[in-house]
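Given next are the chains, with one letter for each unit.
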Amino acid sequence: QVQLVESGGGLVQPGGSLRLSCQVSGIRFSLHIMAWYRQAPGKERELVADITSGGRTNYADFVQGRFTISRDNAKDTVSLQMNSLKPEDTAVYYCHAQSTTKSLKYWGQGTQVTVSS
């Protein structure tokens, strides 16, 4: 059974920081590109950042150097460090895994991030 379990969301003031984590099980973690997506109310889900098994990263333009994605292939975890958070970062954040060997994708259940004073 494939599971992607996110944690670390919550309420934070503008300018604050949060660290999201995703624990993965049931797949060969090293054979998947890991990513974080987000979906705000009334908007489409969008890519925040992704990272290959080798550590190559890609970020959405709106991140602007504020977020850092990382992964631990020994612990099957992927994290997203978010700094200088803005109200427009408010969304449900989803962990995503895409197989590099098959046409398979997996989603976590999401974790709410709310940036508000």
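Residues numbered from 1 in each chain as written. Predicted model: local features only at pLDDT ≥ 70, side-chain atom pairs only at ≥ 80, totals over all residues. Heavy atoms only, no water.

Looking at this structure, how should I read the sheet that holds strand β3 (residues 18-25)?
The strand order across the open sheet built from 4 strands is β1-β3-β8-β7, with neighbouring strands paired in antiparallel fashion. In the strand order of this sheet, the two ends are held by β1 (3-7) and β7 (67-72), each with one partner. Strand after strand, the sheet turns through a mean of 15 degrees between neighbouring axes, direction not considered. Note that β7 and strand β8 (residues 77-82) share 6 bridges and pair antiparallel. Bridge pairing in β8 links S70 to S79. (Pairing = 2+ DSSP bridges. Helix = DSSP H or I, 4+ residues; strand = E, 2+ residues; numbered from the N terminus. Axes fitted to C-alpha atoms, helices over the stretch in contact; angles between N-to-C directions.)

Please explain the packing of aromatic side chains as it appears in this structure.
The geometry of an aromatic ring pair is captured by two quantities: the separation of the ring centres and the angle between the planes. Under the counting rule described, the total for this entry stands at 2 aromatic pairs. With a centroid separation of 4.9 Å and an interplanar angle of 65 degrees, the aromatic rings of Y37 and W107 are classed as edge-to-face. Linking Y37 in strand β4 (residues 32-39) with W107 in strand β10 (residues 105-107), this pair joins segments that are 70 residues apart in sequence. With 6.2 Å between their ring centres and 90 degrees between their planes, Y94 and W107 make a pair best called edge-to-face. Here the residue Y94 occupies a position in strand β9 (residues 91-99), and W107 occupies one in strand β10, the gap between them amounting to 13 residues. (Phe/Tyr/Trp six-rings, centres within 6.5 Å; stacked < 30°, edge-to-face > 60°.)

Any chance you could explain the pattern of salt bridges here in plain terms?
One side chain can pair with another of opposite charge once the charged atoms of both are near each other. Considering all chains together, one arrives at 3 salt bridges under this definition. E46 is paired through a salt bridge with R38; the nearest N and O atoms lie 2.9 Å apart. Judged by relative accessible area, R38 falls into the buried class, the value being 7%. (Salt bridge = Lys/Arg side-chain N within 4 Å of Asp/Glu carboxyl O. Buried < 20%, exposed > 50% of the residue type's maximum accessible area, 1.4 Å probe, protein only.)

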